[in-house]
Amino acid sequence: MSKKHPVISVTGSSGAGTSTVKRAFEHIFLMENIKAAIVEGDSYHKYNRLEMREVMKQATAEGRNMSHFGLDANVLDKLEALFKEYGETGNGQRRYYLHSTEEAEYHNGRLGTEAKPGEFTPWESIEADTDMLFYEGLHGGIVAKDIDVAQHVDLLVGVVPIVNLEWIQKIHRDNAERGYSAEAIVDTILRRMPDYVNYIAPQFSRTHINFQRVPTVDTSNPFICRDIPTLDESFVIIHTNRCFREKFSIDFPYLLDMIHDSFMSRHTTLVVPGGKMGFAMELILQPLIDSMLVESKKLQS
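## A look at the pattern of salt bridges
Here's step 1: Per the stated rule, a full pass over the model turns up six salt bridges.
Here's step 2: Note that Glu54 and Lys57 form a salt bridge whose closest N and O atoms lie 3.8 Å from each other. Of this pair, Glu54 and Lys57 both sit in helix α2 (residues 49–61), three residues apart, roughly one helical turn.
Here's step 3: The class of Lys57 is exposed, set by a relative accessible area of 56%.

Structure below.
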């Protein structure tokens with residue numbers, strides 16, 4: 001891990017809600033006037049949208065499993081190289097995956113390219129003089145074969161709703177935003193399951209802190225649920241590992257006083273009402289980011 005150029009990684013499955021945590025970090029960055037280099041996990045996929053469809057068709061025909069959760073569909077050696085280089089020098093290479101026409105127009109205008117939605121921008125250097133690197137995506141804590149991304153991360157955050165809620169959120173998002181049918185989304189979930197078990201879930205044993213949302217309404221059959229349970233219909237379980245507690249000294253009594261109706265379910269685990277999730281994140285994460293920056297500035301001076 002680097003302290004001179006901190007690397008923060010938020011990792012979670014598709015539909016897990018990593019974007020919610022990303023917004024909490026962005027709010028902290030704004031309030032603290034922190035210049036962060038933002039890196040999106042989708043930009044480290046190996047294939048563009050059309051290429052991935054063809055690769056999956058071929059894999060299916062050959063009886064092989066292929067998904068964005070797995071190693072073969074990503075360039076995780078480049079992600080590890082970025083984290084390592086940034087930690088050592090504050091520099092590195094990144095690119096963008098273009099999700100929409102708006103994103104394509106913005107980056108094409110900036111770079112003078114003609115990339116389309118579903119494609120990547122060219123690799124480029126991270127802007128100079130950033131305070132830290134912030135990653136949000138599928139593989140921010142991956143360790144597999146000859147890849148070890150986790151070793152270069154200073155603060156590793158997992159976003160892990162219970163799996164039924166994760167599936168409900170994915171079904172609703174992919175249907176509303178991408179127009180996929182419920183049947184197609186279920187097929188995707190099934191195809192990704194072996195890679196989820198082998199590569200996504202193990203990351204949450206390496207994280208420093210996990211945020212897990214648990215609904216208090218019936219989600220027994222996630223494939224027929226009409227609504228996503230709201231934050232007020234949930235609890236958030238916040239678990240910290242031993243190394244994290246020793247490194248950052250989390251003040252649980254203070255958090256219990258500050259967050260109404262929160263309680264400790266174990267000595268390592270704080271439970272808060274879902275509606276307090278953003279507030280709890282900022283209470284916990286802001287002091288950590290501040291301490292990382294203070295130490296970073298000392299080492300750089």
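That covers the picture; the talk isn't over yet.
## Some details on the layout of surface pockets
Here's step 1: Here the second largest pocket is characterised by a volume of approximately 160 Å³.
Here's step 2: Every residue lining the second largest pocket is listed: Phe248, Ser249, Ile250, Asp251, Tyr254, Leu255, Leu283, Ile284, Pro287, Leu288 and Ser291.
Here's step 3: Listing elements by their share of the lining of the second largest pocket, those giving two or more residues are α8 (252–258) and α9 (277–300).
Here's step 4: Ranked by residues supplied to the lining of the second largest pocket, first place goes to α9 with five residues.
Here's step 5: Among the residues forming the lining of the second largest pocket, the class breakdown is eight nonpolar, two polar and one charged.

## With respect to the sheet that holds strand β10 (residues 234–240)
Here's step 1: Strand order across the open sheet formed by eight strands is β2-β5-β1-β8-β9-β10-β12-β11, with mixed pairing between neighbours. Looking at which strands have only one partner, the edges of the open sheet turn out to be β2 (36–40) and β11 (263–266). Ignoring which end each strand starts from, the neighbouring axes of this sheet average 20 degrees apart.
Here's step 2: Sheet topology places β2 next to strand β5 (residues 132–137); five bridges connect them, and they run parallel.

## Some words on the pairing of strand β1 (residues 7–11)
Here's step 1: Most of β1 sits inside the fold, with five of its five residues counted as buried.
Here's step 2: Alternating residues of β1 divide into Val7, Ser9 and Thr11 and Ile8 and Val10, and every residue in both groups is buried.
Here's step 3: By the bridge criterion, five bridges tie β1 to β5 in an arrangement that is parallel. By the bridge assignment for β5, Thr11 is matched with Gly137.
Here's step 4: Relative to strand β8 (residues 155–159), β1 runs parallel, the two being bridged by four bridges. Within the sheet, the bridge partner assigned to Ser9 lies in β8 and is Leu156.

## Section: the side chain of His208
Here's step 1: Position of His208 among the secondary structure elements: in the loop between α6 (182–200) and β9 (209–215).
Here's step 2: What makes His208 buried here is its relative accessible area of 11%.
Here's step 3: Only 2.8 Å separates the side chain of His208 from the backbone nitrogen of Leu156, close enough to count as a polar contact.

## Digging into the packing of aromatic side chains
Here's step 1: Under the criterion given, the structure shown has nine aromatic pairs.
Here's step 2: Between Trp167 and Phe223, the aromatic rings sit 5.6 Å apart at their centres with planes inclined by 25 degrees, giving stacked as the arrangement. Note that Trp167 is positioned in helix α5 (residues 163–178) and Phe223 in the loop between β9 and β10, a separation of 56 residues in sequence.
Here's step 3: Seen in terms of ring centroids, Phe235 and Phe263 are 6.3 Å apart; in terms of plane orientation they differ by 75 degrees. Their pairing is edge-to-face. One end of the pair, Phe235, is in strand β10; the other, Phe263, is in strand β11, and 28 residues separate them in sequence.
Here's step 4: Take Phe263: its relative accessible area is 40%, and that puts it in the partly exposed class.
Here's step 5: An aromatic cluster is present here, built from Phe25, Phe29 and Phe134 joined pairwise through their rings.
Here's step 6: The ring of Trp123 has Lys78 sitting right over it, with the charged end atom 5.4 Å from the ring centre.
Here's step 7: One cation-aromatic arrangement involves Arg95 over Phe120; the distance from NZ or CZ to the ring centre is 3.7 Å.

## Here's the deal with the nonpolar core
Here's step 1: One finds Phe25, Leu155, Ile238 and Ile289 to be the most contacted residues of the largest nonpolar core, which totals 36 residues.
Here's step 2: Listed in part, the 21 residues of the second largest apolar core include Val39, Phe83, Ile142 and Ala144.

## Notes on a nonpolar patch on the surface
Here's step 1: A cluster of nonpolar residues, Tyr254, Met258 and Phe279, forms a patch on the protein surface that exposes about 270 Å² of accessible area.
Here's step 2: Take Met258: it is sitting in helix α8.
Here's step 3: Residue Met258 is classed as partly exposed on the basis of its relative accessible area of 38%.

## A word on α6
A turn of α-helix holds 3.6 residues, and therefore any two residues three or four places apart point the same way.
Here's step 1: The terminal C-alpha atoms of α6 lie 23 Å apart, and with 19 residues this falls more than 12% below the ideal 27 Å at 1.5 Å per residue.
Here's step 2: Maximum bend of α6: about 45 degrees, positioned at Arg192, with proline Pro194 one to four residues after it.
Here's step 3: The complete set of buried residues in α6 reads Ile185, Thr188, Ile189, Arg192, Asp195, Tyr196, Tyr199 and Ile200.

## Examining the pairing of β11
Here's step 1: Alignment of β11 against strand β12 (residues 269–273), held across three bridges, turns out to be antiparallel. Looking at β12, one finds that Phe263 is bridged to Val271.
Here's step 2: Here β11 folds back onto β12 in antiparallel fashion, the turn holding two residues.

Thresholds, definitions, all that
Residues numbered from 1 in each chain as written. Predicted model: local features only at pLDDT ≥ 70, side-chain atom pairs only at ≥ 80, totals over all residues. Heavy atoms only, no water. Salt bridge = Lys/Arg side-chain N within 4 Å of Asp/Glu carboxyl O. Helix = DSSP H or I, 4+ residues; strand = E, 2+ residues; numbered from the N terminus. Buried < 20%, exposed > 50% of the residue type's maximum accessible area, 1.4 Å probe, protein only. 1 Å grid on protein atoms, 1.4 Å probe; cavity = no way out; pocket = protein on both sides within 12 Å on 5 of 7 lines; lining within 4 Å. Points joined across faces, edges and corners; volume = space filled by probe spheres on them. Nonpolar A, V, L, I, M, F, W, Y, C, P; charged D, E, K, R; others polar. Pairing = 2+ DSSP bridges. Axes fitted to C-alpha atoms, helices over the stretch in contact; angles between N-to-C directions. Polar contact = N/O pair within 3.5 Å; in protein donor to acceptor, adjacent residues only side chain to side chain. Phe/Tyr/Trp six-rings, centres within 6.5 Å; stacked < 30°, edge-to-face > 60°. Lys NZ or Arg CZ within 6 Å of the ring centre and 35° of its normal. Core = buried A, V, L, I, M, F, W, Y, C linked by side-chain atoms within 4.5 Å. Patch = residues over 30% accessible without salt bridge, like charges linked within 9 Å, V, L, I, M, F, W, Y side chains within 5 Å. Areas by Shrake-Rupley, 256 points an atom, 1.4 Å probe, with all protein chains shown as cover. Expected span 1.5 Å × (residues − 1). Bend = angle between axes of the 7 residues up to and from the residue.

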